[in-house]
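Residue-level structural notes
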Amino acid sequence: PRHPAEPWRIKMVEPLPTTSRPHRRQALEKAGYNISLLRSEDVYIDLYTDSGTNAMSDHQWAAMMIGDESYAGARSFYRLEAAVHEYYGYEHVIPTHQGRGAENILSRMLIRPGHHIPGNMYFTTTRAHQELNGGTFHDVIIDEAHDPACEHPFKGDVDLAKLERLIHDLGPDRIPYVCVAATVNMAGGQPISLANLAEVHELARRHGILVILDAARAVENAWFIKQREPGWGEHSVAAILREICARTDGAAMSAKKDSLANIGGWLAVRDPDLAESARELVVLYEGLHTYGGMTGRDMEAIAVGIAESVREENVSARIDQVAYLGRRLAEAGLPLVRPVGGHAVCIDAGAALPQVPRDQFPAQTLAAALYLDSGVRAAERGVVSAGRDPATGHNRHPQLELIRLTVPRRVYTQSHMDLVADSAVRVHEQHAHLHSGLVFLHEPETLRFFQARFAPA
Ligand code: F0G
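Rules of the game
- Residues numbered from 1 in each chain as written.
- Predicted model: local features only at pLDDT ≥ 70, side-chain atom pairs only at ≥ 80, totals over all residues.
- UniProt positions renumbered as here; feature names shortened; annotations may be inferred.
- Buried ≥ 20, exposed ≤ 12 C-beta atoms within 10 Å, placed from the backbone.
- Helix = DSSP H or I, 4+ residues; strand = E, 2+ residues; numbered from the N terminus.
- Pairing = 2+ DSSP bridges.
- Near = placed C-beta within 6 Å.
- Axes fitted to C-alpha atoms, helices over the stretch in contact; angles between N-to-C directions.
- Contact = placed C-beta atoms within 7 Å.
- Expected span 1.5 Å × (residues − 1).

An unreviewed UniProt entry lists the protein chain under the name Tyrosine phenol-lyase, with Halostreptopolyspora alba as the source organism. Taken directly from UniProt, the Cofactor (unreviewed entry) text for the protein chain runs: "pyridoxal 5'-phosphate".

1. Section: the pairing of strand β2 (residues 92–96)
For β2, a buried count of five out of five residues is recorded, marking the element as mostly surrounded by other parts of the structure. Residue alternation in β2 divides its side chains into two sets, H92, I94 and T96 and V93 and P95, and both sets are buried. Here five bridges tie β2 to strand β8 (residues 265–269), and the two strands are oriented antiparallel to one another. When the sheet's bridge partners are listed, T96 is paired in β8 with G265.

2. Thoughts on the site of the ligand
Residues in contact with the ligand amount to 15 residues; listed here are only the nearest, T49, Q98, G99, R100 and S254. Contributing elements (two or more residues each) for the shell around the ligand: α4 (99–110) and α5 (124–132).

3. Focus: the sheet that holds strand β9 (residues 344–348)
Note on sheets: strands pair through backbone hydrogen bonds, and any given pair is parallel or antiparallel. Read from one edge of the open sheet, three strands run β9-β12-β11, paired in antiparallel fashion. In the strand order of this sheet, the two ends are held by β9 and β11 (379–381), each with one partner. Sheet twist, expressed as the average angle between the axes of neighbouring strands with direction ignored, equals 30 degrees. Judged from the five bridges that link them, β9 and strand β12 (residues 402–406) form a sheet pairing that is antiparallel. Within β12, the position partnered with V345 by the bridge is L405. The sheet strands contacting helix α12 (residues 312–331) are β9 and β12, and the helix crosses β9 at an angle near 25 degrees.

4. Regarding the environment of D320
Mapped onto the elements, D320 comes out in helix α12. A residue is classified by how many C-beta atoms lie within 10 Å of it, and D320, with 16 of them, is partly exposed. With 61 residues separating them along the chain, D320 and S259 place their C-alpha atoms 18 Å apart.

5. Focus on helix α11 (residues 296–309)
With 14 residues, α11 extends 20 Å from end C-alpha to end C-alpha; this agrees with the ideal 20 Å at 1.5 Å per step. Summarising burial for α11: 12 of the 14 residues are buried, a large majority. Buried within α11 are the following residues: G296, D298, M299, E300, A301, I302, A303, V304, G305, I306, E308 and S309. Against α2 (58–64), α3 (75–88), β2, α8 (218–228) and α12 lie the buried residues of α11.

Pasting the structure below:
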């Protein structure tokens, strides 16, 4: 398999810490076997997330120098607003400090106790905000998305029968909106098709229900549509992105992903009254409606990043790099989520460590072993991330028990990907017969994966 040639060259380098195995063992014990608690100084190649870890371009850095730091009416906000209008097409843009800031405003604005929110698989912060406001999340993604081995090209698609049944059973009045992610992070970065999104939009519209897009990786989703969906191969990624948004009533955005920035986000809606309520809330939780918790220079960097993000050479090199890592692991026989997604290669830890009980966290266990082997930090996407069911208090057991090798944009080279692949293959071979995993020493109540501490079982 060939690694894509990057459509950029390196102008500034950041030295990486190299560590010894004894050092990593000590760091891992200090972190309570939770890779989220490792210090970055102790990590060699950091594939924890693609969120805010992107390398900005010279144009983005240059734009930061002209950031307007005025409290009210900053020029930089209007640049960002214009970029969102041009590339995403939404009428009203409310800036927030990052994606979950937008989720907070959206959830407070639309969700009341007793409401239900269908979505194409949960995301951690998204569902937490829905629940915090008294809502209940319902997974309406197609069954194929929960089967790691299934090769469906659009595993992010909504199962329309599931959605229709939910609307019928609960009544449209108790469903403020359908939350549609493009791509679906927890399924391994799987895209939704335009045809499916159109049907979701039409079904929701008939019942007076809004469709809100989680746009964090919608550009990557657009690239998959261009590659895989009949009729869209000749359209530009930029045009397809507009088509995705056109089939929704608003969006929550984490600019830390597609937009190649290190921080930032926004909420967008088409309805002027909703925009007005969102502006009232943003002042309370984020900052004035013309900065929303961002500096002027952040907004400049995002505005430039949005335009760069839809350039085909950027998005294709990004996704091809992830695919390269996926092919190297697949060739060595590692069980992966198929097809490989846009932002990450996900190893099926349930299949890799079949003897480790689910409540001893196979994915967390494998992620700790990978770090120990090479200093590569992955992320856990399994029982630890899924948390407990608020009603029963039991661990949720999502079908997917994954470790996610998340690739930041424009940051790592082919040699880094090869080192990651070699280490993952080694760890997979060494741990195939492992029988026990990890147990909690400390378990926080919300979003436990960030702060939890473990010990070997
Ligand atoms: N939606 C999706 C699909 C995400 O992946 C994230 C963040 C958010 C919303 C929240 O945005 O971090 O800017 O507040 N995902 C990161 C990750 C944290 O590692 O997957 P945020």
